[in-house]
Amino acid sequence: MAAFRAEAQQLSAQMLDLNEGDWSKPTACEPWSVAELLGHVATVLAWLPGMLEAEAPPEATVSAVGYYRPDDRFSTETNTKRIELARNRAAAADGGQALAEEFDQTWQEVYQRCEKEPAERVVRTRHGDAMLLTDFLVTRVVEVAVHGLDLAAALNRPPWLTDPAGQLLVELLLGPHGLDEVRELGWDRLTFLRKATGREPISAAETAEVETRGIRWLALG
């Protein structure tokens with residue numbers, strides 16, 4: 001919850017500070033513009049209220065790590081729908097400022113709804129996974145934080161990754177002591193996250209070293 005709030009609040013502040021011309025800039029998440037990428041992040045957060053209103057599954061069967069298994073959630077058909085939903089959300093807003101305000105309202109509503117839930121609350125994702133709400137929130141931090149890096153790059157701004165979100169992502173990808181492994185590779189946390197999520201190239205030598213250390217990337221799409 002703390003990581004989600006910190007990262008969503010920072011992303012919101014950055015988006016509310018944009019000029020109208022910024023919204024049409026291209027991002028590395030092709031074919032999305034800045035507006036469409038923010039539309040995607042808003043969309044994946046907006047699933048949560050409906051999930052909380054639905055009947056809770058009896059038990060969690062999928063972890064945050066398990067959520068990123070390479071199945072049809074990363075298929076061409078699913079990705080096409082993902083692109084269309086983001087574009088539709090951005091197009092429906094009355095300009096970039098309105099979209100930024102919508103995102104600000106969305107993340108705050110999600111935070112407030114989740115804050116009222118017990119730690120053992122189980123939800124079902126749109127992919128059919130039964131997950132602890134806390135684990136699903138980890139995946140939402142991934143969305144906000146990693147796409148925050150994409151948006152910062154598209155806008156030519158310094159990355160604004162917050163410490164709570166950065167730490168959570170490293171623990172998800174490597175475990176609680178994973179950052180020590182990363183430092184031995186000569187990477188700082190931001191460099192690791194960029195490489196682990198395909199935002200920065202990784203050399204053959206680095207790939208071999210990663211494999212030697214038993215580090216495995218998640219399927220992030």
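In case you missed it, the structure is sitting above this.
Going along each chain's sequence as written, the residues are numbered from 1 onward. Owing to the predicted nature of the model, reporting of local features is limited to residues with pLDDT of at least 70; listing and counting of side-chain atom pairs is limited to 80 or more, with chain, interface and lining totals taken over all residues. With hydrogens and water set aside, each side-chain value is computed from the structure's full complement of heavy atoms.

### Remarks on the overall build of the protein chain
- Only runs of H or I of at least four residues qualify as helices and only runs of E of at least two qualify as strands under DSSP, and these elements are numbered from the N terminus. Secondary structure assignment for the protein chain yields 10 helices and two strands.
- Along the chain direction, N to C, the helices and strands of the protein chain fall in the order α-α-α-α-α-β-β-α-α-α-α-α.
- Buried positions account for 47% of the 221 residues belonging to the protein chain.
- Areas reported here follow the Shrake-Rupley algorithm with a probe of radius 1.4 Å; residue values treat only the protein chains shown as occluding. On the protein chain, roughly 11000 Å² of surface is accessible, and the fraction owed to carbon and sulfur atoms is 48%.
- The charge count treats Lys and Arg as positive and Asp and Glu as negative. His and the chain ends do not count. Lys charges are placed at NZ, Arg charges at CZ, Asp charges at CG and Glu charges at CD. In the protein chain, 22 side chains carry a positive charge and 35 a negative one; their mean positions are 1 Å apart. Burial classes: relative accessible area under 20% of the type maximum marks a residue as buried, over 50% as exposed, and values in between as partly exposed (1.4 Å probe, protein chains only).

### A word on the packing of helix H7 (residues 163-174) against helix H9 (residues 189-196)
- At a minimum axis distance of 11 Å, the contact between H7 and H9 shows a crossing angle of 55°. Accordingly, the angle class assigned to the pair H7 and H9 is oblique. Of the two elements, H7 crosses H9, and the hand of that crossing is left-handed. Where H7 abuts H9, its residues Asp163, Gly166, Gln167, Leu169, Val170, Leu173 and Leu174 lie against Arg189, Phe192, Leu193 and Ala196.
- Here the nonpolar group is Ala, Val, Leu, Ile, Met, Phe, Trp, Tyr, Cys and Pro; Asp, Glu, Lys and Arg are the charged ones; every other residue, Gly included, is treated as polar. For the contact of H7 with H9, the per-class residue count stands at seven nonpolar, two polar and two charged. A fitted line through C-alpha atoms represents every axis, and for helices the fit uses only the stretch in contact; the resulting angles, taken between N-to-C directions, go from 0 to 180 degrees. For classification, angles of less than 35 degrees are called roughly parallel, those exceeding 145 degrees roughly antiparallel, those between 65 and 115 degrees roughly perpendicular, and all remaining angles oblique. Here a crossing is taken to be left-handed if its near helix is turned anticlockwise relative to the far helix by less than a right angle, and right-handed if that turn runs clockwise. By definition in these notes, contact holds between two residues if any of their heavy atoms fall within 4.5 Å.

### Let's talk about helix H2 (residues 34-53)
- Between its terminal C-alpha atoms H2 stretches 31 Å, which fits the 28 Å expected from 20 residues at 1.5 Å a residue.
- Across the 20 residues that make up H2, a large majority, 16, are buried. Every helix has an expected span of 1.5 Å times one less than the residues it contains.

### Notes on the side chain of aspartate 150
- Here aspartate 150 is to be found in helix H6 (residues 133-154).
- With sequence-adjacent residues up to four places away left out, aspartate 150 is seen in contact with Cys29, Leu37 and Arg199.

### Comments concerning the pattern of salt bridges
- A pairing counts as a salt bridge when a side-chain nitrogen of Lys or Arg comes within 4 Å of a carboxyl oxygen of Asp or Glu. On inspection of all chains with the given rule, the structure shows 15 salt bridges.
- With its nearest N and O atoms 3.0 Å apart, the salt bridge here joins glutamate 117 to arginine 121.
- Owing to a relative accessible area of 25%, glutamate 117 belongs among the partly exposed residues under this scheme.
- In this structure, arginine 189 engages aspartate 163 in a salt bridge whose closest nitrogen and oxygen atoms are separated by 2.8 Å. Linking arginine 189 in helix H9 with aspartate 163 in helix H7, this pair joins segments that are 26 residues apart in sequence.
- Exposure remark for aspartate 163: the relative accessible area of 53% places this residue in the exposed category.

### A closer look at the environment of phenylalanine 103
- In this fold, phenylalanine 103 is placed in helix H5 (residues 96-115).
- Residue phenylalanine 103 is classed as buried on the basis of its relative accessible area, which comes to 0%.
- Residues phenylalanine 103 and valine 141 lie 38 residues apart in sequence; the distance between their C-alpha atoms is 14 Å.
- Ignoring any residue separated from it by four or fewer positions in sequence, one finds phenylalanine 103 in contact with Ala8, Leu11, Ser12, Leu38, Val41, Ala42 and Leu45.

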